[in-house]
Amino acid sequence: MSLLERKDFTAIAASTFADMEHRGSKPAMGFSIRMTSGTSNNDPLMLVFESVYTTQGVNRGAERFLLHHGLLTLRLGNVLQVRTGDVPNARVLMVDPTEVSPAVCALVADFAPDRGYAFPTLIMQLARQLDEKTRRGIKVLSLGGECLTDAHARFFAEWLPDTRVSLVYVASEIGAISDGGCGYLPRNHYHPKKSVGVDIQNVDANGVGDLVISARITEHTKVDGYRIGDVACWVSESCPCGNLKTFEVLGRRGYDYIKLGQAVLRQEEFDRVAALCKDLYDDYRVEASVVSTNLGVVGSILLHIYKESGGGAERAAADIVARVSEHLFVSPTKTLGDFVKLGLLLPLRVEWASEPFPKGVKNVKLKQVSN
Amino acid sequence: MHTNPQSLVDLLNAHSTSWYRDLWRGTQDFVSLPLVRRRQFIETPLSRRRYVDDRSLVKIVHAGDGPFLSEWAFAHIGQEPWGVVSDRPMVYLTDPHSAIEKSMWCYEQNRVPLIGEKNADIASVAATKYDIDSLIADPASVLRLLPCLKSRTKPLVALSLVGESFDPADLAMLRPYAEEIRLVLAFSETGVLGVAPLSDAPIFTAPDNTLVESVDGELVFTKLAMLATPIIRYGSGIRGVLKDGGSFVVENYGDR
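Residues numbered from 1 in each chain as written. Chains lettered and ligands numbered in written order. Predicted model: local features only at pLDDT ≥ 70, side-chain atom pairs only at ≥ 80, totals over all residues. Heavy atoms only, no water.

### Some thoughts on the overall build of chain A
So the rule is basically this: Only DSSP runs of H or I with at least four residues qualify as helices, and only runs of E with at least two residues qualify as strands; both kinds are numbered from the N terminus onward. Restricting the calculation to C-alpha atoms gives the radius of gyration, and the globule rule supplies 2.2 Å times the number of residues raised to the power 0.38. Relative accessibility under 20% of the residue-type maximum defines a buried residue, over 50% an exposed one, and the middle range a partly exposed one, all with a 1.4 Å probe and only protein chains included.
Helix and strand content of chain A: 10 helices and 20 strands. By the compact-globule yardstick of 21 Å for 371 residues, chain A fits well, its C-alpha radius of gyration being 22 Å. Dimensions along the principal axes, computed over C-alpha positions, put chain A at roughly 70 × 50 × 40 Å. With 371 residues in all, chain A has 51% of them scored as buried.

Below is the structure:
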């Protein structure tokens, strides 16, 4: 089966609009227009979701629902779910990322949310400013939009200890892919939504491959075999909840997760090692590439380093190369240093940055470049 | 809708929420009630001025003196004349809370709205793809969509401009882009106070559910509906003159 890519969505989008136009007696509230963000270097994609197929259910049971995430089309879809949802007196409050302040947090306290749906990095900024009573009042927090890191997990354990954090896997082109979470799943692990087909293709020796999704998004429009751009693997153990199907999302191909020959570079692993190297650098960015040498085709990693108190000393660079090579795992059992010894990667290179790195919402630190 | 403001006052005086009762200090007669103002919305948490427990949208309103919450039941949002019902409406407003509210108004009219993202380029691409036929915007946001409006081969059925004040001279340049341009005078906490066709001297008509009085030259509004926070003798700060049939002319929008 040939897989669908994002470019194939032009025809799919047209089909969804036709479904909306010819919806007959179906109420408008069953449909919403969605737009993708520009993370894939393509034009924004616009298509229609029919909620009966795409709904996330993140507001299920919520009486006072807090929304704190990005695109307006997505927020409107969530408000619509509250309007048509199961709680007759449910209320919804949206906090825009640009308006977080102590005064707005006092208003959130007055609203007293019991459930929320948020982008992880954004809710961290908001939660830091909420009083303890308000934070403890949030019983369920659904998160979507990015993989959770150790830093996220530590934050939620410390700042929202009474909150059941539930990860939702949602694609802007498809809608909800996972169900709302059973309460047992480790982070970045999901059960597929019943109506969604999940497959992992082009798997490597570790069982890691491309996540491929099949799902209906309107009555007459089914996306069949869409390579979504994330890499994932099946989890062999069954979940305590009884669900036998669990997959783990490892990240976005080319962002959180880069395959470099047999090496796998994960931003989370670089973050872990950066924490071990706090005395040597404050922040980093990684450029990964494949280069041809007289030994063959090998991977090359360039680590850009920023240190607020200044850097650039040759000795410090050598220390960084040594420490990162020793501690950074690029496979389940082997470090960067091991891969260099095996001739699978070139020795790590370090360059000093003179200014702090620009920060985006998703804080992407890994980049694959072509040589 | 309450046809008689006094019946609404009687309900509020007997209600378990005491906000208005406390403000009115025993006054029972509608025409004698003290005015309520935005300042009192800012000073009072929403939880102490909620009168209904309906499925609703809660907005953050950024006023000059500080933010406050304004809650609107979806059913009441649908009753406000925010726009003209059309097949492919677009909502493009500077304030995201207001944008969500007006989009929900479209849904309450059984229409699927396109909500414009903040980025004007993306909003313009979306407007063109959806082939919008009406637009709810504000005087600032509509200017960001101007290149898109200029590129259209036919005018919109309607352009509804939502705001707390208007300068008709500045808006006249929008005439080629819509068959009908409506000025929708509104505050976030009150809903629509009046609607006027764009003209040099707009004459606003209050919606059916809205009673307008003039108190010492200030326009004072009452919504004849049991809103989440009811609007009873709301001092708008707008100086104006009443006309026949619930119409009014604004002399000065006031300094809010």
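### Concerning the packing of aromatic side chains
All names here are of chain B. Our working definition: What counts as a ring pair is set by centres within 6.5 Å for rings of Phe, Tyr and Trp (its six-membered ring), and what kind of pair is set by the plane angle: stacked under 30 degrees, edge-to-face over 60, tilted for all other angles. A positively charged side chain is recorded as over a ring if its NZ (Lys) or CZ (Arg) lies within 6 Å of the ring centre. The angle to the ring normal must also be within 35 degrees.
Summed over the entire model, instances satisfying the criterion amount to 20 aromatic pairs over all chains. Counting every residue linked through ring pairs, the aromatic cluster contains Trp19, Tyr20, Trp24, Phe41, Tyr51, Phe68, Phe187 and Tyr234. In this structure, lysine 102 packs its charged tip against the face of tryptophan 82, placed 3.8 Å from the ring centre. The ring of phenylalanine 30 has arginine 233 sitting right over it, with the charged end atom 5.8 Å from the ring centre.

### So, the side chain of glutamine 40 of chain B
This is how it is decided: Here, residues are in contact when the closest pair of their heavy atoms is within 4.5 Å.
Along the chain, glutamine 40 of chain B turns up in helix H3 (residues 38-43). For glutamine 40 of chain B, the residues in contact, after removing those within four places along its chain, are Trp19, Leu23 and Leu35 of chain B.

### A short note on the nonpolar core
Cut-off, in case you're wondering: Here, the term nonpolar core denotes a set of buried Ala, Val, Leu, Ile, Met, Phe, Trp, Tyr and Cys residues that are joined through side-chain atoms within 4.5 Å.
Counting residues in each nonpolar core, the largest one holds 106 residues, and the members touching the most others are Leu135 and Leu161 of chain B. By size, the runner-up hydrophobic cluster in this structure holds 51 residues, among which are Leu4, Phe111 and Ile123 of chain A together with Val58 of chain B.

### Topic: the interface of chain B and chain A
To be explicit about the condition: The term buried area means the drop in 1.4 Å probe accessible area that two parts suffer when joined, counted for both and summed. A side-chain nitrogen of Lys or Arg and a carboxyl oxygen of Asp or Glu constitute a salt bridge if their distance falls within 4 Å. Polar contacts, as used here, are pairs of N or O atoms within 3.5 Å; protein pairs need one atom able to donate a hydrogen and one able to accept it. Residues neighboring in sequence count only if both atoms are side-chain atoms. Classes in brief: Ala, Val, Leu, Ile, Met, Phe, Trp, Tyr, Cys and Pro nonpolar; Asp, Glu, Lys and Arg charged; the others, Gly included, polar. Note on pairing: DSSP must find at least two bridges between two strands before they are called paired.
At the junction of the two partners, chain B supplies 38 residues and chain A supplies 41 residues. Three residues, Arg55, Tyr107 and Glu117 of chain B, lead the burial of chain B against chain A; their summed loss comes to 21% of the area buried on that side. Between chain B and chain A we count 3 salt bridges in total. For the interface between chain B and chain A, the tally reads 21 residue pairs in polar contact (both at pLDDT 80 or more). Elements represented by at least two residues in the side of chain B that touches chain A include exactly strand S1 (56-63), strand S2 (66-73), helix H5 (96-108), strand S4 (114-115) and helix H6 (120-130) of chain B. Broken down by element, the residue count for the side of chain B that touches chain A peaks at 7 residues, all from H5 of chain B. By residue class, the composition of the side of chain B that touches chain A is 20 nonpolar, 7 polar and 11 charged. Pairing geometry for strand S4 (residues 91-94) of chain A and S1 of chain B, over 3 bridges, is parallel. Residue pairing across strands places valine 92 of chain A opposite leucine 57 of chain B, the latter belonging to S1 of chain B.

### A few points about the sheet that holds strand S13 (residues 221-234) of chain A
Residues and elements named next belong to chain A. This is how the line gets drawn: Only the stretch in contact is used when a helix axis is fitted, and all axes are lines through C-alpha atoms; the angle between N-to-C directions ranges over 0 to 180 degrees.
Taken in spatial order, the 5 strands make up an open sheet running S10-S14-S13-S12-S11, and their pairing is antiparallel. Where the open sheet ends on each side, the last strands, each with one partner, are strand S10 (189-190) and strand S11 (197-201). Here S10 pairs with strand S14 (residues 247-252) via 2 bridges, running antiparallel. Bridge pairing in S14 links histidine 189 to glutamate 248. Strands strand S12 (209-218) and S13 of the sheet are contacted by helix H1 (residues 9-21), whose axis makes an angle of about 130 degrees with S13.

### Regarding the packing of helix H5 (residues 120-127) of chain A against helix H7 (residues 150-159) of chain A
Residues and elements named next belong to chain A. Selection rule: Two helices cross in a left-handed way if the nearer one is turned anticlockwise from the farther one by less than a right angle. They cross in a right-handed way if the turn is clockwise.
At a minimum axis separation of 11 Å, H5 and H7 run at an interaxial angle of 35 degrees. Note on packing geometry: the crossing formed by H5 with H7 is left-handed. Of the residues in H7, those touching H5 at Pro120, Thr121, Ile123, Met124 and Ala127 are Ala151, His152, Phe155, Phe156 and Trp159. Here the residues of the contact of H5 with H7 sort into 8 nonpolar, 2 polar and no charged.

### Structural notes on the pattern of salt bridges
Taken as a whole and judged by the stated rule, the model has 28 salt bridges over all chains. The residue arginine 285 of chain A makes a salt bridge to aspartate 283 of chain A at a minimum N-O spacing of 3.3 Å. Exposure remark for arginine 285 of chain A: the relative accessible area of 11% places this residue in the buried category. Judged by its relative accessible area of 10%, aspartate 283 of chain A falls in the buried class. Arginine 37 of chain B serves as the salt-bridge partner of glutamate 218 of chain B, at 2.7 Å between the closest nitrogen and oxygen.

### Structural notes on the confidence of the model for chain B
Test applied: The predictor attaches a confidence to each residue, called pLDDT, with possible values from 0 through 100.
Here chain B averages 96 in pLDDT, while 99% of its residues score no lower than 70. Note on the complex model: pTM 0.82, ipTM 0.95.

### Observations concerning the environment of aspartate 338 of chain A
Residue and element names in this part refer to chain A. With respect to the helices and strands, the residue aspartate 338 is situated in helix H10 (residues 336-341). Overall, the relative accessible area of 28% leaves aspartate 338 in the partly exposed class. Placed 63 residues apart in sequence, aspartate 338 and alanine 275 show a C-alpha to C-alpha distance of 21 Å. Separated by 2.9 Å, the side chain of aspartate 338 and the backbone nitrogen of threonine 335 make a polar contact.

### Considerations on the pairing of strand S2 (residues 46-50) of chain A
Residues and elements named next belong to chain A. Across the 5 residues that make up S2, a large majority, 5, are buried. Burial along S2 is two-sided: Met46, Val48 and Glu50 and Leu47 and Phe49, pointing in opposite directions, are all buried. Bridging between strand S1 (residues 31-35) and S2 involves 5 bridges; their strand directions are antiparallel. Its bridge partner being in S2, isoleucine 33 is matched across the sheet by valine 48.

### Some points on H5 of chain A
All names here are of chain A. Within H5, 6 of the 8 residues are buried, which leaves the element mostly enclosed by the surrounding structure. Of all the positions in H5, only Pro120, Leu122, Ile123, Met124, Leu126 and Ala127 are classed as buried. Against the buried residues of H5 lie strand S3 (64-68), helix H4 (102-111), strand S5 (115-118), helix H6 (132-137), strand S6 (140-143) and H7.

### Side note on H7 of chain A
All names here are of chain A. Selection criterion: Note: the arc covers the axis-to-C-beta directions of the helix.
The complete set of buried residues in H7 reads His152, Phe155 and Phe156. Here the buried residues of H7 occupy an arc of 95 degrees about the axis, which is enough to place them on one side. Away from the buried face of H7 by more than 90 degrees, exposed residues Arg154, Ala157 and Glu158 are located.

### Section: the state of the cysteines
In plain terms, the rule: Count a disulfide wherever a pair of cysteine sulfur atoms falls within 2.5 Å.
Applying the stated rule across the entire model yields 0 disulfides over all chains. We note that cysteine 239 of chain A lacks a disulfide partner, and the nearest cysteine sulfur, in cysteine 241 of chain A, lies 3.5 Å from it. You can see cysteine 106 of chain B has no disulfide; the closest cysteine sulfur is in cysteine 148 of chain B, sitting 16 Å from it.

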